[in-house]
Amino acid sequence: MERIKNAWSRHGWKMFGPVALLNIKHRFKILLSPGKFDAKSSVDNIPGVETNKSVYLSALGYTHEYGAGGNAYEPIDEEKFITVIRSLPIDPSTFCFVDLGSGKGRALFLAAKIGFNKVIGVEFSENLHLLAKKNIEAAANSWPNTDRMEVIHGDARDYAPPDAATVLYLYNPFDAQIMSPVLKTWEKSMSTRVHDVWIVYGNPTEAALFKHSPSLEHISSIAGFAVFRRKNLRRAE
Ligand SMILES: C[S@@+](CC[C@H](N)C(=O)[O-])C[C@H]1O[C@@H](n2cnc3c(N)ncnc32)[C@H](O)[C@@H]1O
């Protein structure tokens, strides 16, 4: 009940319905296939690479103090990823791609293949970070642009945005207590830098934070993602 009250006060009546519906659909999908939420991807056909198996929060070792507010590992569906990234009117070769909560690295592989000039993943769980590293090493000779991929073990709140045009990708990584300071860091960065920034946010339970941001404009909703772009690009230029 407390969660519902919080969500209502965070999202307001306009956003509460769609967000609640997304949440319910998401929970059902996981409940119907416990422990093996299946979103197969071509990434898992690379010899030595595994990104498919979900990892529950309990297995990530998150507790009330450590990692509180973080969500479990669940990989993105490849088709959804491609749909949302291809919908952006950008040339990926001139953009950096950042995944906050990168898990085993599936989105990083897909972004590298699409041709982003730099692909960065930040992951809080050491186990998942090490698995992502192992995956990237295993794929070095059989997947395009693995040399552009970098994984960082750390908290998304401590990550400083790159000084470059960037697509920030968030797939259901954490709740408002983490998202709020993360967004503040990105807003601060946008206020002093001139680069274009797009944010694609999947299962966007905290979308209201982004919709109310003075730095961002809501562009579209596609394939379960909310898409935002930084405002005042011309003024900054
Ligand atoms: C739903 S998974 C997303 C996986 C990946 N981005 C993808 O699209 O396939 C969410 C991930 O966020 C990570 N996470 C949660 N809290 C975090 C934090 N504060 N900083 C960095 N990563 C975090 C979790 O460990 C988990 O791996």
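Reading the values: rules and limits
Residues numbered from 1 in each chain as written. Predicted model: local features only at pLDDT ≥ 70, side-chain atom pairs only at ≥ 80, totals over all residues. Heavy atoms only, no water. Pairing = 2+ DSSP bridges. Helix = DSSP H or I, 4+ residues; strand = E, 2+ residues; numbered from the N terminus. Axes fitted to C-alpha atoms, helices over the stretch in contact; angles between N-to-C directions. Phe/Tyr/Trp six-rings, centres within 6.5 Å; stacked < 30°, edge-to-face > 60°. Buried < 20%, exposed > 50% of the residue type's maximum accessible area, 1.4 Å probe, protein only. Expected span 1.5 Å × (residues − 1). Contact = heavy atoms within 4.5 Å. Near = heavy atom within 4 Å. Polar contact = N/O pair within 3.5 Å; in protein donor to acceptor, adjacent residues only side chain to side chain. Nonpolar A, V, L, I, M, F, W, Y, C, P; charged D, E, K, R; others polar. Salt bridge = Lys/Arg side-chain N within 4 Å of Asp/Glu carboxyl O. Core = buried A, V, L, I, M, F, W, Y, C linked by side-chain atoms within 4.5 Å.

Caption draft 1: Region of interest: the sheet that holds strand 5 (residues 197–202). Strand order in the open sheet formed by 7 strands is 3-2-1-4-5-7-6, with mixed pairing between adjacent strands. Each edge of the sheet is formed by a strand with only one pairing partner; in this case those strands are strand 3 (149–153) and strand 6 (216–222). Sheet twist, expressed as the mean angle between neighbouring strand axes with direction ignored, is 20°. Of the strand pairs in this sheet, strand 2 (residues 118–123) and strand 3 are connected by 5 bridges, and their pairing is parallel. In the strand pairing of strand 3, Val 119 is matched with Met 149.

Caption draft 2: Examining the packing of aromatic side chains more closely. Applying the stated criterion across every chain yields a total of 9 aromatic pairs. Geometrically, the ring pair formed by Phe 97 and Phe 116 is tilted, given 5.2 Å between the ring centres and 50° between the ring planes. On the criterion of sequence distance, the pair formed by Phe 97 in strand 1 (residues 96–100) and Phe 116 in the loop between helix 4 (106–114) and strand 2 is long-range, its members being 19 residues apart. Phe 116 shares its class with Phe 97; the two are buried. Counting every residue linked through ring pairs, the aromatic cluster contains Phe 81, Phe 97, Phe 116, Tyr 169, Tyr 171 and Phe 225.

Caption draft 3: Structural detail: helix 5 (residues 126–138). For helix 5, with 13 residues, the first-to-last C-alpha span of 18 Å sits near the 18 Å given by 1.5 Å per residue. Summarising the contacts, the buried residues of helix 5 are in contact with helix 2 (57–60), helix 4, strand 2 and strand 3.

Caption draft 4: Focus on the environment of Ile 152. Mapped onto the elements of the fold, Ile 152 is located in strand 3. C-alpha of Ile 152 to C-alpha of Lys 133: the two residues are 19 residues apart in sequence and 9.2 Å apart in space. Every residue in contact with Ile 152, bar those within four places of it in the chain, is listed here: Ile 120, Gly 121, Val 122, Glu 123, His 129 and Tyr 159.

Caption draft 5: Geometry of the site of the ligand. Surrounding the ligand, one finds 27 residues, the nearest of these being Tyr 62, Asp 99, Gly 101, Glu 123 and Tyr 169. Separating an oxygen atom of the ligand from a backbone N or O atom of Ile 76 is a distance of 3.0 Å. Contacts to the ligand include Tyr 169, whose side-chain N or O atom sits 2.7 Å from an oxygen atom. Secondary-structure elements contributing two or more residues to the shell around the ligand are strand 2 and strand 4 (166–171). A class-by-class count of the residues in the shell around the ligand yields 16 nonpolar, 7 polar and 4 charged.

Caption draft 6: Structural detail: the pattern of salt bridges. All told, the structure shown has 6 salt bridges when counted by the stated rule. The salt bridge involving Lys 118 is made with Glu 150; its shortest N-O contact spans 3.5 Å. Highlighted residues: Lys 118 in strand 2 and Glu 150 in strand 3, separated in sequence by 32 residues. Look at Lys 118 and you get partly exposed, because its relative accessible area is 29%. Classification of Glu 150 as partly exposed rests on a relative accessible area of 32%. Across the salt bridge formed by Arg 157 and Asp 155, the nearest N and O atoms sit 2.7 Å from each other. By relative accessible area, Arg 157 is classed as partly exposed at 31%. Exposure remark for Asp 155: the relative accessible area of 14% places this residue in the buried category.

Caption draft 7: Looking closely at the nonpolar core. In terms of nonpolar packing, the biggest core is built from 34 residues, with Phe 81, Ile 85, Phe 97, Phe 116 and Val 167 touching the most fellow members. When contributions to this core are tallied by element, the ones reaching two or more residues are helix 3 (78–86), helix 4, helix 5, strand 3, strand 4, strand 5 and strand 7 (225–230). Here this core takes 7 residues from helix 4, the largest share from any one element. Sequence-distant contacts of Phe 97, defined by excluding residues within four places in its chain, comprise Phe 81, Ile 85, Ala 107, Leu 108, Ala 111, Phe 116, Lys 118, Val 119, Ile 120, Val 167 and Tyr 169. Counting 23 residues, the second largest nonpolar core, distinct from the first, contains Ile 120, Tyr 159, Val 182 and Leu 216.

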